[in-house]
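# Structural description and commentary
So the chains spell out like this:
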Amino acid sequence: MRRRLAAAAALTGAALLISACGTADEEPDAGGGATDGTTTVKVQLQWFFQAQFAGYIAAVEKGFYEEEGLDVELLEGGVDIVPQTVLAQGQADYAIAWVPKALASREQGAQITDVGQIFARSGTYQVAFADSGISGPADLRGKKVGNWGFGNEFELFAAMTQAGLDPGSDVTLVQQQFDMQALLRGDIDAAQAMSYNEYAQLLEAENPDTGELYTPEDFTVLDWNSVGTAMLQDAIWADTTKLDDPAYQEQTVKFLTGTIKGWAYCRDNPEECRDLSVAAGSTLGASHQLWQVNEVNKLIWPSTGGIGLIDEADWARTVELSLATKNQDGQTVLTAEPEGLAYTNDYITQALEAAEADGIDVTGADFTPLTVTLNPGGA
């Protein structure tokens, strides 16, 4: 049975294994190996099961990790779970986390290293109604600006900082739920949204003035890739100290190789990866999940140097913004340049070579996104 998907258990770090028939069994003792001789690997995701992680889910379900001799268990994330902390505490072998959040944890002592930058582009938006008068970051002055916190707001604060706004005094910051209801109700003027999730929620909602679903023309989108304050997001983090161990180095290359195959599969088979994400337990609907697979693919493909390769210029920009961006209390994300082995391309380079040797297209130069029709409520 290939499925190794573990449900989130906030605060405790405990997990349940969900079998293919949907029943839950107690988690077996993790001794670093499975009964069939494969190596057991735990991967902490940064959110609940959804197509944001379709490549990892596909690598489990299609046997790509198994081909590498790995029995991979995906640990579901949640609001109270900090992936890089789970990794640093030894409760997972790898973690998926945004780079500025993880770098902040490193500055606080977490011994972790970015070994694979899966998302090459940022998926974060700030969205307002088209008639709000908000067309750029400077227009947020005097507005009620929603954000989720938990480190998700760094790009927004960077954009306000560059526009000459003080997040602590020039806007009214509102703690936003992980949905778009506050914007739709008019409680806030601009809402944080991921291109692959909350933005779709707007387009799945009914416009009370027309009785039809909202359209992109009803909104203004501030895309941090265009604004210039995009930071690197979903990356694969490894335990820095364990990277001194040749066995862990080899395992890391194998895990990255299986992951590359999973994401390439979702690039070429988005509908199937939608179905795999739904089957994994996502509560989001089928059209929403297809939108999510498609939008996540846009953040990965095409990949000029190969999926997962860390671009030095993008890394430097993320660090520079983290050093300059101030929050509402005047504190920056980072206080100094990252020390030690913050990232390395050594293992992803080997994984790309291994995947290419197996006939995998690792750049996706011919990638063409789908046109996805969203249904009401994302059904």
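All values reported here derive from a predicted model rather than from experimental measurement.

## Side note on the packing of helix α9 (residues 246–268) against helix α10 (residues 270–279)
As a packed pair, α9 and α10 sit with axes 5 Å apart at the nearest point and diverge in direction by 115 degrees. Here Y265, C266, R267 and D268 of α9 lie close against α10, whose contacting residues are P270, E272 and C273. Here the residues of the contact of α9 with α10 sort into four nonpolar, no polar and three charged.

## Considering the sheet that holds strand β11 (residues 191–194)
The strand order β11-β8-β12 describes an open sheet built from three strands, whose pairing is antiparallel. The open sheet is flanked by β11 and β12 (219–223), the only strands paired with a single partner. The mean inter-strand angle of the sheet, taken between neighbouring strand axes irrespective of direction, is 35 degrees. In the sheet, strand β8 (residues 124–129) pairs with β11 via four bridges, with the strands oriented antiparallel.

## Quick word on the packing of aromatic side chains
On inspection of all chains with the given rule, the structure shows 17 aromatic pairs. Taken together, a centroid distance of 4.8 Å and an interplanar angle of 65 degrees make the contact between W47 and F48 edge-to-face. One aromatic cluster in this structure is built from W47, F48, W148, F150 and F178. The residue whose ring lies beneath K101 is W98, and the NZ or CZ to ring-centre distance is 4.5 Å.

## A look at empty space enclosed by the protein
Tallying each qualifying case throughout the model produces one cavity of 30 Å³ or more. Empty space within the largest cavity amounts to approximately 30 Å³. If you trace the largest cavity, you find it lined by W98, P100, G151, N152, F154, E155, M231, L232 and Q233. Residue composition of the lining of the largest cavity, by class: five nonpolar, three polar and one charged.

## Details of the packing of α9 against helix α11 (residues 286–300)
Two numbers describe how α9 lies on α11: the axes approach to 10 Å, and their chain directions differ by 120 degrees. The angle between the axes of α9 and α11 places the two elements in the oblique class. As α9 packs across α11, the resulting crossing turns out to be left-handed. Taken together, the residues of α11 that come into contact with α9 (itself represented by W263, C266 and R267) are V293, V296, N297 and I300.

## A short note on a nonpolar patch on the surface
Residues F48, V79 and F150 make up a contiguous nonpolar surface patch of roughly 280 Å² in combined accessible area. Tracing the backbone shows F48 in the loop between β4 (39–44) and α1 (54–61).

## A word on the pattern of salt bridges
The full count for this structure, using the stated rule, is 13 salt bridges. In this structure, D93 engages K242 in a salt bridge whose closest nitrogen and oxygen atoms are separated by 3.4 Å. Here D93, found in the loop between α3 (83–88) and β6 (94–97), pairs with K242, found in the loop between β13 (235–239) and α9; they are 149 residues apart in sequence, far enough to count as distant. E295 is paired through a salt bridge with K298; the nearest N and O atoms lie 2.9 Å apart. Of this pair, E295 and K298 both sit in helix α11, three residues apart, roughly one helical turn. Salt bridges linked by common partners bring E67, E68, K261 and D358 together as one network.

## Observations regarding the environment of G55
Assignment of secondary structure puts G55 in helix α1. Separated by 212 residues in sequence, G55 and R267 place their C-alpha atoms 8.7 Å apart. Leaving out residues up to four positions away in the same chain, G55 has contacts with G262, W263 and C266.

Rules and cut-offs
- Residues numbered from 1 in each chain as written.
- Predicted model: local features only at pLDDT ≥ 70, side-chain atom pairs only at ≥ 80, totals over all residues.
- Heavy atoms only, no water.
- Axes fitted to C-alpha atoms, helices over the stretch in contact; angles between N-to-C directions.
- Helix = DSSP H or I, 4+ residues; strand = E, 2+ residues; numbered from the N terminus.
- Contact = heavy atoms within 4.5 Å.
- Nonpolar A, V, L, I, M, F, W, Y, C, P; charged D, E, K, R; others polar.
- Pairing = 2+ DSSP bridges.
- Phe/Tyr/Trp six-rings, centres within 6.5 Å; stacked < 30°, edge-to-face > 60°.
- Lys NZ or Arg CZ within 6 Å of the ring centre and 35° of its normal.
- 1 Å grid on protein atoms, 1.4 Å probe; cavity = no way out; pocket = protein on both sides within 12 Å on 5 of 7 lines; lining within 4 Å.
- Points joined across faces, edges and corners; volume = space filled by probe spheres on them.
- Parallel < 35°, antiparallel > 145°, perpendicular 65-115°, else oblique.
- Left-handed = near helix turned anticlockwise from the far one by under 90°.
- Patch = residues over 30% accessible without salt bridge, like charges linked within 9 Å, V, L, I, M, F, W, Y side chains within 5 Å.
- Areas by Shrake-Rupley, 256 points an atom, 1.4 Å probe, with all protein chains shown as cover.
- Salt bridge = Lys/Arg side-chain N within 4 Å of Asp/Glu carboxyl O.

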